[in-house]
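One-letter residues, chain by chain:
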Amino acid sequence: MANVLVGVTGGIAAYKAPGVIRRLREAGHEVRVAATDAAFRFIPEETLAIAAGGDVHTEKTWWERSGRVEHVTLARWADLVLVAPATADAMARAAVGLGDDLLSATVLAGARSVLWAPAMNPEMWSNPATRRNAETLKGWGHRFVGPSEGLMASTEEQPGVGRLTDEAEILAAVKEALSGDGG
Ligand SMILES: Cc1cc2nc3c(=O)[nH]c(=O)nc-3n(C[C@H](O)[C@H](O)[C@H](O)COP(=O)(O)O)c2cc1C
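Visitor: How should the site of the ligand be read in this particular structure?
Guide: The immediate surroundings of the ligand are formed by 16 residues, with Thr9, Gly10, Gly11, Ala38 and Thr87 found nearest. Tallying contributions element by element places helix H5 (residues 88-95) first for the shell around the ligand, with three residues. Across the shell around the ligand, the residue classes tally to nine nonpolar, five polar and two charged.

Given below as C-alpha cells:
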C-alpha cells in the first residue's frame, strides 16, 4: 500500500472529499490531507481531519515556525498526490508553476505522481484556458480522472461535464497511477 496525499481545493464538491479519503484508508493506504483556504469555505477542517484520522495540512501549518518545510516533506512522503476535488484555479496554478499555497508548492516541489479529479461547472471545464492547463499537466505526466457528466450541484438544469467522478472510479485511477499503468 502507498502514501497518498489528498489535496482538497475550494469547489462545491469538496463536501465529497471525506468519502474519497475514507475509501483510500479502507483500501489500506496511508493518507494525509492538505486543504486550501478556499476548501474550508465548503468543508469544515474538523470533518476532513476525522476522515483523515489526523491533522490536516493547511496554510496555517505551512507557515508555523516549526522548522519544518512542509511542502518539501509532503512531496517526498507522497507516492501519489490526488487532488480531489481539483478546482480550475488549482490546475492553472500548477500549469504555470506557481507555488503560492501549500498544495501548489507541494506539486511544484517534485511530487512524484499527481492525479487530478477536477470538479467545476461545465463552462469552466470547457474553457480554453482550462483545456490548455489540463493538456500542459498531462504533457508532464500528470493523470486525470473525470470530470463526469451529470447534473451539477449548482443551478444548472441541464447535465454537463464537470461533476466530480464517483469514489469507485477515483479509487480505480489511484490504483492505476500507483501501479504506473496507462499514464
Ligand atoms: C460558491 C462557489 C462555488 C465554487 N465552485 C467551484 C467549483 O466547483 N470548481 C472550481 O473550479 N471553482 C469553484 N469556485 C471558484 C474557486 O473557489 C476559486 O477559484 C478559488 O480561488 C479556488 O481556490 P483553491 O484552488 O485554492 O482551492 C467556486 C467559488 C464559489 C464562490
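There's plenty left to go through after this.
Visitor: Sorry, what's going on with the packing of H5 against helix H8 (residues 128-139) here?
Guide: Axes are the key here: two packed helices are described by the angle between their axes and the distance separating the axes. Contact geometry for H5 and H8: axes closest at 9 Å, N-to-C directions at 50°. As summarised for this structure, H5 and H8 are arranged oblique, according to the angle between their axes. The handedness of the crossing between H5 and H8 is left-handed. On the side of H5, the interface is formed by Ala88, Met91, Ala92, Ala94 and Ala95, while H8 contributes Ala129, Thr130, Asn133, Ala134, Thr136 and Leu137. Across the contact of H5 with H8, the residue classes break down as eight nonpolar, three polar and no charged.

What counts, and where the lines are drawn
Residues numbered from 1 in each chain as written. Predicted model: local features only at pLDDT ≥ 70, side-chain atom pairs only at ≥ 80, totals over all residues. Near = placed C-beta within 6 Å. Helix = DSSP H or I, 4+ residues; strand = E, 2+ residues; numbered from the N terminus. Nonpolar A, V, L, I, M, F, W, Y, C, P; charged D, E, K, R; others polar. Axes fitted to C-alpha atoms, helices over the stretch in contact; angles between N-to-C directions. Parallel < 35°, antiparallel > 145°, perpendicular 65-115°, else oblique. Left-handed = near helix turned anticlockwise from the far one by under 90°. Contact = placed C-beta atoms within 7 Å.

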